[in-house]
Amino acid sequence: MSTPPTSLKPQLPLFLRPPLHSASVSDLRKWHDWAKNLASSVGTTFLDSDNGPDSDLLCRELKWLMEDAIEDHAVFSQMGIENNQTNVRLRMGIEELYNLWKQRIEERRPFQYLVGCEHWRDLVLSVQDGVLIPRPETELIVDLVADVVSNNEGLRGGLWADLGTGSGALAIGIGRILGSCGRVIATDLSPVALSVAAFNVQKYGLQDVIELRQGSWFKPLKNVEGKLAGIVSNPPYIPSDNIPRLQAEVGRHEPRLALDGGLNGMDDLLHLCNGAALMLRPGGFFIFETNGEKQCKSLAKYIENDIRGSFHSLDIVSDFAGIQRFLTGLHQ
Amino acid sequence: MLNSKLRKSCRSSTISLQNPKISYLLSSFSHKSTETPSGSCQFSHSAPENRISPSWFCSNSLPSIKNPNGFHQNPLFSSLSESKNPISASGSSSSRPNFSGFCSNSLPNIKKPNGFHQIPLFSTLSASGSSSNSLPSSKNRCQSHQSPVIWTQSHYFSTEAVVEPSTTDGLTVEGIMASNWTILDESESDWRSHAAAVAQSIHLIKKRLKWKKLVVRLDMLSMQLNKPDIWDDPVHAGKISREHGTLMGKMKEVRSFERELLEHIDMIKLAHEENDVELESESLKALHRMRKNSKEKELQAMLAGEQDPCSCYIEVQAGAGGTESMDWAAMVMQMYKLWAQQRRYKVTVVDEMPGEIAGIKRATIKVDGEYAFGYAKAEVGVHRLVRISPFDSNKRRHTSFAAVAVIPIMGDGSTRVQINESDLRIERFRAGGAGGQHVNTTESAVRIVHIPTGVTATCQNERSQHQNKASAMAVLQSRLDQLEMARQAQMNALHTQSLTDITWGSQIRSYVLHPYRMVKDLRTGYEVSDPDSVLEGDLDGFIMSYLSASLDKDVDDQ
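Residue positions within a chain follow its written sequence, with the count starting from 1. Numbering of ligands from 1 and lettering of chains from A proceed in the order in which they are written. The predicted origin of the model limits local features to residues at a pLDDT of at least 70 and limits the giving and counting of side-chain atom pairs to 80 or more, whereas totals for whole chains, interfaces and linings rest on all residues.

Chain B is annotated in an unreviewed UniProt entry as Prokaryotic-type class I peptide chain release factors domain-containing protein of Lithocarpus litseifolius. UniProt positions are given in the numbering used here, feature names are shortened, and annotations may be inferred rather than shown by experiment. Turning to chain B, the UniProt record has this under Sequence similarities (unreviewed entry): "Belongs to the prokaryotic/mitochondrial release factor family."

By the naming in an unreviewed UniProt entry, chain A goes by Peptide chain release factor N(5)-glutamine methyltransferase and is assigned to Lithocarpus litseifolius.

Below, the structure written as structure tokens:
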């Protein structure tokens, strides 16, 4: 069901790769000390320039990189021993570890692309270049959907759509809370994203629940018009002129396709609202992530005025940081 | 393993507790108990037994009331005691066959002059396996054994386990202690030596269980349970009854251990009289086994507290003194991680606030495993380090402090505080700014504030915000549980006080690396001259000496 319409082979996350490499504890320690020094030299320069990571955070990432790269974690307690020539099995050559950490610091390549995964909710999702790294804010969408379906059997057993699924995070999160009859169709324009999503769907054994379709927004959903119980989406919503000033990890490395929401960032959100009015069945639920208060309010205004009568029970929900992040509503 | 055994024995004895009540008070009492909604496991167990008991308890056991000494029934029921686990574990269905088998087996015994009586009989049942190997060949010899004790029918919930067992010629465990038999090495085949060693263990176990207090408390609980209106408040009654069951379980276990010892002594004396070499060697072996077992039981008695079997959090916080003391805090934390690993506990870092240059400001780990709290509670307090600081370019000697707190993680939900979502303020540690797609960070720390109490919990060590929140919630839950427990029980809680309550004056241990090398516990005087081994987690010596010192100090308490 979830076979992507593409033959791309996604990268295996580091922690799942076979431990085909090895190095002595002493060499590993040398690398670690080098990497830690590099991280410490950053101080708060990234933080000050674009809200990037500081040394503390980079050091924590370094620890995680080691956890993912080293097969036997018992080694950590031996790292302190000088000149330890014991060999350690690694999932990646030590030269490559040097390379990656250099990329992390010098090119600001996101940590998640280094290790090929992101821990999101209780999931560990595969990610790679070309696929948006799911954000912690977005975790809340799954909780909100869980709330909605918990007292609505019809929605729980219905057909849901995750538009612009990227790594498949939302589709998988929701697929796991729906009832036995519940289904999710996840769409994306990017073949790379779809291949990664397919890998993640497979990893969580949801092939029978989640169907992946390639195409822009509602285009691949023609056959389910008016039948959807729910629509979720984290569409690109950053205004185009903000893109050059983004944090380096985001602006230089993550796919623009998943970030750039047009002039005021609302292009795709508006498109989704219009589409949802058509695609949702009566009583169907939608939730969209937005750039914040301004977008939430203007989207709500658009729904109340321009497409009046399509939706009711609109609600703006804040994320953990108190930013008005999500707009939810029910189809008439 | 030892721990699970202890637990099992307690549980099975709560079951046995129900029986006297049911057998003698077939009417109102047992009725009420099956109706109580308290949901405690012993009551649900009591239902099936209730149905079975009338058929045999009434007819068979009543005649023997006057003569309650039933210990010679052991061989008969030793098979039963082995099959008691199914009773306690799965309740009704599996308990039936056991009891019916019990019934038919026991019928012939009615003829015997001191025929069986359900109380001792059940305590045999509840003894944690210790009776299974007892009395190899006593079947035809034990009729002559008489007990001086007259059991009175008036105690429905009684403290009958208090009855002091003795041999046929009146020797008690205290009597053995008083005779000062020489205790030889375990390898020596001297029955007096074995018996004296076991008696000494029993003495120690009683002391650790605070035997006298236990008896008084049990009496009080029995009195309360025997009040006719006790079940008007089922919640209270359930609580009393649970405690009664637990205490009774402990007591019966000790009693049956005592009884077993005295029986073996009887057997040996008998074997002497009759020149039965085989019986003598069997009994000697049994005594030797008991002696070996007794060390384990001593240990069990040390961890008899209600929360001792729980997993726990260990928190370490650096004292004043900057990098040097933060480094010390990290060393202390590392010591506990290694200790926990050695004990095969699962260790998870919940929260860690690193120091600017080295070490940690504070950190919390979760230690998962049986009796983690029971042991770790011995570590609560301030730990002091004296060394030449590697952070001091002038190579001066520094003294640093780290505070350690230990919080039990209550598993059974009985003391869980209900947390209201609306009482929580959940904060993310994230740089300001637009958030969402603008930001890619691996920083996903979560801090939860419980507004009504001001209690907070932080977790930043998981790799997703969701997981951090779940971990922080678990910490918060434990902190609130702990608070509630302290409030409810008015427990004096050195063991459960939080980090902030620990005054820097409450030093418990000193680690000196310079000018000499030594670790010394200031509470017990226990000391070790190799600090490295201690810092690598070799803590059990300190823990055990503290636990035994704190339990064994009051002579009057036993």
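Caption draft 1: Inspection of the overall build of chain A at higher detail. Strands here mean DSSP runs of E at least two residues long; helices mean DSSP runs of H or I at least four residues long; both are numbered from the N terminus. Helices and strands together make up the secondary structure of chain A, namely 12 helices and 11 strands. Exposure criterion: with C-beta atoms placed from backbone coordinates, a residue whose C-beta has 20 or more other C-beta atoms within 10 Å is buried, one with 12 or fewer is exposed, and one in between is partly exposed. Buried positions account for 48% of the 332 residues belonging to chain A. C-beta atoms are placed from the backbone for every residue, and two residues are taken to be in contact when these atoms lie within 7 Å. Summarising the internal contacts of chain A: among those between residues at least 6 apart in sequence, 70% fall at separations of at least 24.

Caption draft 2: Quick look at the overall build of chain B. Secondary structure assignment for chain B yields 17 helices and 11 strands. By the burial criterion, 45% of the 558 residues in chain B qualify as buried. Relative to all contacts within chain B whose residues are 6 or more apart in sequence, the contacts with residues 24 or more apart total 72%.

Caption draft 3: A look at the interface of chain B and chain A. Opposite the 22 residues of chain B that make contact, chain A presents 34 residues. Mapped onto the side of chain B that touches chain A, the elements with two or more residues apiece are β6 (424–428) and α15 (465–489) of chain B. Among the elements that take part in the side of chain B that touches chain A, α15 of chain B stands out by supplying 3 residues, more than any other. Among the residues forming the side of chain B that touches chain A, the class breakdown is 5 nonpolar, 13 polar and 4 charged. Note on residue classes: Ala, Val, Leu, Ile, Met, Phe, Trp, Tyr, Cys and Pro are nonpolar, Asp, Glu, Lys and Arg are charged, and everything else, Gly too, is polar.

Caption draft 4: Region of the structure containing the sheet that holds strand β6 (residues 183–188) of chain A. All names here are of chain A. Note: two strands are recorded as paired if DSSP finds a minimum of 2 bridges between them. Pairing in this open sheet of 7 strands is mixed, and the strands run β7-β6-β5-β8-β9-β11-β10 from one edge to the other. Edge strands, defined here as strands with exactly one partner in the open sheet, are β7 (210–214) and β10 (311–318). Each neighbouring strand pair of the sheet contributes to a mean axis angle of 15°, computed without reference to strand direction. Bridging between strand β9 (residues 280–289) and strand β11 (residues 324–331) involves 5 bridges; their strand directions are antiparallel. Bridge pairing in β11 links Phe-288 to Leu-327. Angles here are taken between N-to-C directions and fall from 0 to 180 degrees, while the axes themselves are lines fitted to C-alpha atoms, restricted in helices to the stretch in contact. Taken strand by strand, helix α6 (residues 139–150) contacts β8 (228–233), β9, β10 and β11, and its axis lies near 155° from that of β9. Lying on the sheet, helix α9 (residues 191–203) is in contact with β6 and β7; it crosses β7 at an angle near 170°.

Caption draft 5: Region of the structure containing the environment of Glu-356 of chain B. Residue and element names in this part refer to chain B. Considering the arrangement of structural elements, one finds Glu-356 in the loop between β2 (346–354) and β3 (360–368). Among the residues examined, Glu-356 registers 11 C-beta atoms within 10 Å and is labelled exposed. It is 9.1 Å that separates the C-alpha atoms of Glu-356 and Gly-322, two residues lying 34 residues apart in sequence.

Caption draft 6: A look at the sheet that holds strand β7 (residues 446–450) of chain B. Residues and elements named next belong to chain B. Pairing in this open sheet of 3 strands is antiparallel, and the strands run β6-β7-β8 from one edge to the other. The open sheet terminates on both sides in strands that have one partner only, identified here as β6 and β8 (455–459). Across the sheet, the mean angle from the axis of one strand to that of its neighbour is 15°, orientation sign disregarded. Examined bridge by bridge, β7 and β8 share 5 bridges and lie antiparallel to one another. Following the sheet pairing, His-450 is matched in β8 by Val-455.

Caption draft 7: Region of interest: helix α4 (residues 94–107) of chain A. Residues and elements named next belong to chain A. Given a rise of 1.5 Å per residue, 14 residues ought to cover 20 Å, and the 19 Å separating the end C-alpha atoms of α4 matches this to within 8%. All buried positions along α4 are accounted for by Leu-97, Leu-100, Trp-101 and Arg-104. Here the buried residues of α4 occupy an arc of 95° about the axis, which is enough to place them on one side. Of the residues in α4, the exposed ones pointing more than 90 degrees away from the buried face are Glu-95, Glu-106 and Glu-107. Tucked inside the fold, the buried residues of α4 contact α1 (25–42), α3 (55–69) and α5 (111–115). Backbone geometry just after α4 places Arg-108 at a positive phi near 60°. How far a helix is expected to stretch is found by multiplying one less than its residue total by 1.5 Å. In this context, the arc is that of the directions from the helix axis out to the C-beta atoms.

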